[in-house]
Amino acid sequence: MKTIMNNLLLLFSVRRTIQAQIFVSFLVLSMLTLSGVTWIWYASTAETIKRNAIQDARSNIVQSHNNLEIVLKDFVSIITLVSIDRTNVVEVLNRKKGLTPYIDFLLQKKLEDFVGSLYSYKPYISAVTIIGFNGEQYNSGSPYRFISYQEKPWFREIVKASGKPVFLRIDRDDYTQSGTTLKPMLVIGRAIKSNDKTIGVVLLYAPYDIIRKVYDNGPLSTTRFIVMDNHNQTMFESRAGDKPPDFQDVLEKDGQLYVKQKSAFSGWTTIGAVSVDSLIHDTVTLRNRMFGVIGLTLVAVLLVSIVISRRITNNLRRLRDRMFKIDEGNLNYVTPLQSKDEVGHLSQAFSKQMGQIHSLLEEVKWREQQKRKAEIKALQAQIDPHFLYNTLNTIQFLAQLQQVPNIKEVTTSLIELLRDITKNDGEYTTLQNEITNLQRYVNIQSYRLVQPVSVHYEIEDEAQHCLIPRMLIQPLLENALIHGIEPTKRKGIVSIKVQAAENRLTIVVTDNGAGIPEDKLARLDHLLQEPLHPSHQSASDASKNRFSGLGVINVAQRVRLLFGNDFSLRLYSQQGLFTTVEMTLPILLNNREDVS
């Protein structure tokens, strides 16, 4: 647990890390998903539970009302039996006067026994009273005190009902003498008629708690029941409370559910009031449990997201550590991660790039070393131009005095060639100037060769002012004269063609000399295709001055140093017939910018 808390503190202390972003994304997505799904499910379930609970409450209230109606119907059946019994009731109350005392006694005794049997018929009957309009009164059970019923309003109501049962709540002063402690009674009364004439009234007393017992036996103990008669007088109230509002059938108001059920039989109305919160108590419990489940799920998501995010970002952290090592200058710390996922691929690509960068740095370092060596050699070989010019001018003057024009011509060409070289230290020169120097060089070499040499120049006008590296074509021409034409002992022909097309400058040098053997040509082609490497001999290492025959390989190395791989050099030769060197460079303008 301590480790988990430490990971959480570390995670939130670097909120911008990928692991923190993954963790927060997991957490937010899980919370939104769980909250959304839970809320939708809870709302739907709560509504269903509430609807079912309301339906059950209504059914229970209606059932309790029906149970009361069954009890009332049972009472009505008893008083109906009394009111229509001619032998035991009607004939006794409607007997004629003048009967012998004995017969009169027997009839009264028969009615008293009948009333007593009715009292014993049901255990919830407290008393049975028959009141005859002939002044007689028969009682069985308690209360049995004689009172003046005819003076009571409720008694007159029973008489006016003309034989219909009447349900009444009778307080103690209405059925017994004042000062007693008897509770209110439920009374069902009905007039006794003979030939459409009311001859008496039968009263059936029941304890008022019988109504409470009916409603207390219901499944909803929290329901408040209110029973009202057809005059909207409260007959029974299970608990004290506010008067219910006026409504029809069902009403939900102020957190209370009201259900009304009216009896066509008794005229009584049962109103049940129950708290909606008590009905949806299970929904609240379910909600609390769902919150608990969400909490546990979020904890599980928290743990899983930490594990997954650490697993995803572990290789990223390792790759980051390698980058930090490289940032400190350790370029050899580029071992790729042994992983097959995207991070592993990224690590391999990064290691490969760092290897290439390391190689490029080594190459730059080697080039700088070669440059410094060349500068040192140039300083070592430097000669005072004024001394060289004065010496050559002296030779030229002596040749003129001795009338030796050949020496004068060679000396003049050498002077012009050296002057052009020494007056401009730039790396590049125009192609036109390069061709002029080639002509001077050929003029010097023509006195060295035994056989005459003819050099043809085919230069396009568009290429005249293009820039090329200084003394680039001279080594190729020198190879053609010394290694190609001179060994053949015959008249030599050299062709130099320069074309400019599609941002490329193509230089072709061809001679009709001895050619190159196939094995040597293959070896030269292989060397020309190899990339520049510090192990290759530089041009400055292969010569002591600029006219020592650098050769094709040295030309290729020099141009590759200047242009990288943006050039090509090809050799074509057939032994005994010809040799062609074809070189392609990017076109440079006078401001030395690549036009492409």
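Before reading further, recall that the structure is shown in the block above.
Source: prediction; values computed, not measured.

Chemist: Provide a residue-level description of helix α6 (residues 209-216), including the pertinent values.
Modeler: Because each turn of an α-helix spans 3.6 residues, side chains separated by three or four positions end up pointing in the same direction. Burial in α6 covers these residues: I210, I211, V214 and Y215. Relative to the axis of α6, the buried residues are bounded by an arc of 135° and lie together on one face. Residues of α6 that are exposed and point more than 90 degrees away from the buried face comprise K213 and D216.

Chemist: Break down the sheet that holds strand β3 (residues 166-170) for me, citing the residues and quoting the values.
Modeler: The 5 strands are arranged β2-β1-β5-β4-β3 in an open sheet whose pairing can be described as antiparallel. This sheet does not close on itself; its edge strands, each paired only once, are β2 (137-141) and β3. Taken over all neighbouring pairs, the strand axes of this sheet differ in orientation by 20° on average, direction set aside. Here 5 bridges tie strand β1 (residues 127-132) to β2, and the two strands are oriented antiparallel to one another. Within the sheet, the bridge partner assigned to I131 lies in β2 and is Q137.

Chemist: Let's hear about the packing of helix α13 (residues 474-485) against helix α16 (residues 551-563): which residues, and what values?
Modeler: Interaxial distance between α13 and α16 falls to 9 Å at its minimum, and their mutual angle equals 170°. Relative to α16, α13 is oriented roughly antiparallel. Where α13 abuts α16, its residues P475, L476 and N479 lie against G551, V552 and V555. When the residues that make up the contact of α13 with α16 are grouped by side-chain class, the tally is 4 nonpolar, 2 polar and no charged.

Chemist: Let's hear about the packing of helix α12 (residues 431-446) against α13: which residues, and what values?
Modeler: Running from N to C, α12 and α13 point in directions that differ by 25°, and their axes come no closer than 10 Å. Regarding the angle of α12 to α13, the classification is roughly parallel. The hand of the α12/α13 crossing is right-handed. Seen from α12, the contacting residues are E434, L438, Y441, V442 and Q445; seen from α13, they are Q474, L477, E478 and L481. When grouped by side-chain class, the residues that make up the contact of α12 with α13 number 5 nonpolar, 2 polar and 2 charged.

Chemist: Account for the nonpolar core, naming residues and giving values.
Modeler: Core analysis: the biggest nonpolar cluster contains 46 residues, and F75, L111, I130, L186, I211 and W268 have the highest contact counts within it. The element contributing the most residues to this core is helix α2 (residues 18-84), with 11 residues. When residues no more than four places from it in sequence are discounted, the contact partners of I211 are L68, L186, F236 and W268. Core analysis: the next-biggest nonpolar cluster, separate from the first, contains 44 residues, Y428, L431, L528 and V559 among them.

Conventions and cut-offs
Residues numbered from 1 in each chain as written. Predicted model: local features only at pLDDT ≥ 70, side-chain atom pairs only at ≥ 80, totals over all residues. Heavy atoms only, no water. Buried < 20%, exposed > 50% of the residue type's maximum accessible area, 1.4 Å probe, protein only. Helix = DSSP H or I, 4+ residues; strand = E, 2+ residues; numbered from the N terminus. Arc of directions from axis to C-beta. Pairing = 2+ DSSP bridges. Axes fitted to C-alpha atoms, helices over the stretch in contact; angles between N-to-C directions. Parallel < 35°, antiparallel > 145°, perpendicular 65-115°, else oblique. Contact = heavy atoms within 4.5 Å. Nonpolar A, V, L, I, M, F, W, Y, C, P; charged D, E, K, R; others polar. Left-handed = near helix turned anticlockwise from the far one by under 90°. Core = buried A, V, L, I, M, F, W, Y, C linked by side-chain atoms within 4.5 Å.

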